[in-house]
Every structure is written in C-alpha cells, then in structure tokens.
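For reference, the chains in residue letters:
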Amino acid sequence: MKFTFKGGIHPFEGKELTMDKEVKEYLPKGDMVYPLSQHIGAPAKAVVKKGDRVLVGQLIAEAGGFVSANIHSSVSGTVKAIEPRLTASGSKVNSIVVENDSLYESVEFKGNTKPLDEISKEEILDAIKAAGVVGMGGAGFPTHVKLSPKEPDKIDTIIVNASECEPYLTSDYRRIMDEADKVVGGLRIVLTMFPGAKGIIGIENNKPKAIKLLKEKVAEFDNITVNVLKTKYPEGAERQLIYANTGRYINSKMLPADVGCIVHNVDTVYAIYEAVREGRPLIDRLVTISGDAVKEPCNILTKMGTSYAELIEAAGGFKSTPEKIISGGPMMGKALYSVEVPAMKSTSAILCMSKDEVAEYEESPCIRCGKCVSVCPGRVMPNTLATLVENNNIDEFLKLNGMECCECGCCSYVCPAKRHLTQTIAGARKLVLANNKK
C-alpha cells in the first residue's frame, strides 16, 4: 500500500483496514514482561521479588523520582525474574517478568466518586501518579509531571490531540467512537485543575463520525470546543498542533506550558478519567495491528507486558511473510528485528508489511531540489543538516537549528535521492542530547 504526495503526505492510507472494526479484547497466555523504563525520566524501582505472587492492578514498580512513573501488573501470576529484556527500541531494559497464571485475579479498584467540582487538584494529581499514567502518544512523559507546571496560573488552554495523523493508526479513533464519554470526562477533570482554562479537542477532518460524536458530547460544556483541522501530516505533532489550534509557536527549547498550553493524547485523557473516577491503574491500552501482511487487521485492547508475537497471532497471524515489521506508525515508528518484545505504555501500533520498500531504494547524492525543505514542519534544511552530520560538523549543525527537527520523516519520504535524512539528523540529535546530560 503506497502513500500519495500532493503538497503534503496524505495520512488516511491504511486507516480503512481497521477504523470501523470492533475492538478485540485479548487475554495473553505467555509470560508478561514489564520494562522498568517505559517512560521519560528515571526508571521505576521494583517493589516485588522473584517468587512473589501478584494480582491484576498490583503495584510492582514504583516511580524512581519525580519524573518517573509507577508500573502495575496487568495479570495475576508469579514473578519469574527481574532481568534485562529486549524492547521495541532495540535495547535491553531491566524488566519484571511475570509468569501468567491466566486467572486474572485482581486487586480492588476504588475511584473518587465526589462531584467533580469538589475534587481537589492534589487528589487528582495523586490518583494520576498512583495509576502510573504517562503520555500515550509515544513520548511517555509522566502525566502528573506535565500537570504540575511551574506557573499553573498561566495555563489557559488544554488541548486533546485527536488528530492521529500517521497512516494506518486508528486506536485513538476507536477510543473516541467507543468511549467518548470517558475521553471528554478526562478532559473535564484536567480543566478543573486550571480555573479559567478552555479545552480544545483537535481532530482532523477525515474523521467525520468522530467529529459529530464529540461535538454532541461537549455541547453542554461552555469551556470545551471541537476544533476541526485539515488532514495533513504531521498535524498531530505537539508543536504543529499547538500552532494549528492557538496560533502560538514553540521551539525545541520550549515547553507547551511556556505558551500557556498543555497537550494530552486521546488515550491519556481516557486513562486520567479511569485513574481518578475508577481508581484503575494504567495496565492496558488500544494497539492497532495492521499492514498488508496481517490476516485480520484490527485494534486490540492490549494488556501491558504482552509480547508482540502474541498480539500478531491474535490478529490472525501473518497471511504472507513480512519483510518489515514496525513498532508504531510508518513515518515515525521503529523497525523491529524481533517480535519477542513487550507492549508498553507507549506502544501504539504494530505494522506488518509484505514489502520493505525503503530497503529497495539505493541512496544517491542530493540533487538540491529543495523538496525536503518545502515539507519540513520544523522549518529547517534537512539536506544541509544531514550533510553536516555526515561530515561530523556538529557545531554548524547546531547553528543551523538542527535540534528543531521533530523526526517526523517527511524529508526522507519526499527525497528523490532516497537519502536517509531523518535517521541521520535523529542520530545527531540523540548525540547532542546525550552530551548535554553529562
């Protein structure tokens, strides 16, 4: 399945495979793996040991600092090991391995039933932190930290990112269609923390059913609007979303809070609702399993720790041998060399492609056409930046704002020379960030 380029990458391709199908709920059978680093910040610290029996929803690792997140078991069973395990990023991460007993015995969940206007900000933050909620659009930033800005009085806009602009991905769409009340409910909870702030649900115009449903759900609330955006990639990137909804601009050195905004993914506000109102920790999420190599593309309600291999089998397995399997979307996802990796809080999709079109292309010299510059949402020159990195000229890379790249993949996609622009620039950005931490 190919994408089209007409002045912008059309993000609808592949969505028709899964967007109108009912969500599958899958109960895993194999061992569950819970990496202690599945969020930005310090790794969580295990509070269980080998041989301990755990229940669904039980805390198994606590936040290792303010910027960290709790981790809970999504099954009942016995802790088999605490050891390094491979993750979708390609690195090994210290992980808690639980032998699933398939009984699914659970701890008791108890939410806050007080009227919304009687729940304090501290109670909301405590519930979110206890539940281990993180940003589920991919970054994995701990939500209780994001909701604790240095100057809370300056926050005037809460944006829910419902764009879901990457091809194939439809898990946010399904969450809206099936659980719109909880999505809106989660946004309302956040709005109570910032008096005077307004809520905006930003959604692309290729989702008319979801737009209609959301408008119906928010009609009674004066402080929430549904903002219909143009369908274009990468509309769902944080900087682009803020600009599209508010006209405010941020760069790589700024946070959304610097311009009065907080941005949450659809599944994040859903998880906020469940944490506060139901006392449920973040132990499952919707994952899109798709691609032309999968027998039954679908969205699966996935328990954290489930192996990708099991999820692919739950989608009917392969109908043809895939040449490439991607964790995430085709533009910003990571290619896998093994499916024996666990679903984590940041897992949005598993795409199984019968052809690896990228591998078929041979890179050739830049022809100075400028296409990469014309599509770059970061307003930088990818062709020049990549050349600087190849020549190890990081100082000049920084002078030309190389850190403004958001790694969206647009430049690599449109490049007629098939240069690996995004990957090259991303490698330099990681090196700079790593050196800055020292």
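Residues numbered from 1 in each chain as written. Predicted model: local features only at pLDDT ≥ 70, side-chain atom pairs only at ≥ 80, totals over all residues. Heavy atoms only, no water.

Enquirer: Outline the packing of helix α3 (residues 171-192) against helix α4 (residues 208-218), listing residues and values.
Expert: Between α3 and α4, the shortest axis-to-axis distance is 10 Å and the interhelical angle comes to 5 degrees. What the angle tells us is that α3 and α4 run roughly parallel. Within the contact between the two elements, α3 uses Tyr173, Ile176, Met177, Ala180, Asp181 and Val184 and α4 uses Lys209, Ala210, Leu213, Leu214, Lys217 and Val218. Residues belonging to the contact of α3 with α4 are distributed by class as follows: nine nonpolar, no polar and three charged. (Axes fitted to C-alpha atoms, helices over the stretch in contact; angles between N-to-C directions. Helix = DSSP H or I, 4+ residues; strand = E, 2+ residues; numbered from the N terminus. Parallel < 35°, antiparallel > 145°, perpendicular 65-115°, else oblique. Contact = heavy atoms within 4.5 Å. Nonpolar A, V, L, I, M, F, W, Y, C, P; charged D, E, K, R; others polar.)

Enquirer: Tell me about the sheet that holds strand β6 (residues 71-72), residues and numbers included.
Expert: The strand order across the open sheet formed by three strands is β3-β5-β6, and the pairing between neighbours is antiparallel. In the strand order of this sheet, the two ends are held by β3 (45-46) and β6, each with one partner. Inspection of the sheet shows β3 paired to strand β5 (residues 59-62) by two bridges, in the antiparallel sense. By the bridge assignment, Lys45 is partnered in β5 with Glu62. (Pairing = 2+ DSSP bridges.)

Enquirer: Explain the nonpolar core residue by residue, including any values.
Expert: Residues Tyr34, Ile96, Leu147, Ile158 and Phe194 are the most contacted members of the largest nonpolar core, which totals 62 residues. Considering each element in turn, this core owes the most residues, eight residues, to α3. Sequence-distant contacts of Ile158, that is, excluding residues within four places in its chain, are made with Leu187, Val190, Leu191, Phe194, Ala197, Lys198, Gly199, Ile200 and Ile262. Grouped together as the second largest cluster of nonpolar side chains are 19 residues, Ile289, Ala293, Val294 and Leu336 included. (Core = buried A, V, L, I, M, F, W, Y, C linked by side-chain atoms within 4.5 Å. Buried < 20%, exposed > 50% of the residue type's maximum accessible area, 1.4 Å probe, protein only.)

Enquirer: Before we move on, can you summarise the confidence of the model for the chain with the specific residues and values?
Expert: Across the chain, the average pLDDT comes to 93, with 97% of residues at or above 70. Under a pLDDT of 50 for its full length, residues 1-12 has, in the predicted model, 35 contacts with residues more than four places off or in other chains. (pLDDT = per-residue confidence, 0-100.)

Enquirer: A description of helix α10 (residues 382-390) should follow, citing residues and the corresponding values.
Expert: Among all positions in α10, only Pro382, Asn383, Leu385, Ala386, Leu388 and Val389 are buried. Trailing α10 by a residue or two, Asn392 shows a phi angle of about 60 degrees, which is positive.

Enquirer: How would you sum up the pattern of salt bridges? Please name residues and give values.
Expert: Counted by the stated rule, this structure contains 24 salt bridges. For Lys80, the salt bridge is made with Asp31, and the minimal N-O distance between the two is 2.6 Å. Taken together, the positions of Lys80 in strand β7 (residues 77-86) and Asp31 in the loop between β1 (24-25) and β2 (32-35) put the pair 49 residues apart, joining distant regions of the chain. Note that Arg280 is salt-bridged to Asp284, the shortest N-O span being 3.5 Å. Overall, Asp284 belongs to the buried group, its relative accessible area being 13%. Residues participating in the shared-partner salt-bridge network are Lys182, Glu274, Glu278, Arg280 and Asp284. (Salt bridge = Lys/Arg side-chain N within 4 Å of Asp/Glu carboxyl O.)

Enquirer: Outline the sheet that holds β7, listing residues and values.
Expert: Spatially, the four strands line up as an open sheet ordered β2-β8-β7-β4, and their pairing is antiparallel. A strand with exactly one partner marks an edge of an open sheet, and here the two such strands are β2 and β4 (53-54).

Enquirer: Now, about the packing of α3 against helix α6 (residues 266-278): what can you tell me, with residues and values included?
Expert: With their axes 7 Å apart at the nearest point, α3 and α6 run at an angle of 60 degrees to one another. With respect to α6, the element α3 is oriented oblique. Crossing hand, α3 versus α6: left-handed. In this structure, α3 contributes Asp172, Arg175, Ile176, Glu179, Lys182, Val183, Gly185, Gly186, Leu187, Ile189 and Val190 to the contact, and α6 contributes Val266, Asp267, Val269, Tyr270, Ile272, Tyr273, Glu274, Val276, Arg277 and Glu278. Here the contact of α3 with α6 is built from residues that sort into eleven nonpolar, two polar and eight charged. (Left-handed = near helix turned anticlockwise from the far one by under 90°.)

Enquirer: Give me helix α1 (residues 121-131): which residues, what numbers.
Expert: The complete set of buried residues in α1 reads Ile124, Leu125, Ile128 and Ala131. End-on, the buried residues of α1 take up no more than an arc of 135 degrees, which puts them together on one face. Those residues of α1 that are exposed and angled more than 90 degrees off the buried face are Glu122 and Asp126. Buried residues belonging to α1 abut β6, α2 (143-146), α3 and α6. Once α1 ends, the next one or two residues include Gly132, with phi positive near 70 degrees. (Arc of directions from axis to C-beta.)

Enquirer: Which residues make up the packing of aromatic side chains, and what are the values?
Expert: In total, this model carries zero aromatic pairs according to the counting rule given. It is Arg175 that lies over the ring of Tyr270; its NZ or CZ is 3.7 Å from the centre. Across from the ring centre of Tyr243, 5.9 Å away, lies the NZ or CZ of Arg379, which sits over that ring. (Phe/Tyr/Trp six-rings, centres within 6.5 Å; stacked < 30°, edge-to-face > 60°. Lys NZ or Arg CZ within 6 Å of the ring centre and 35° of its normal.)

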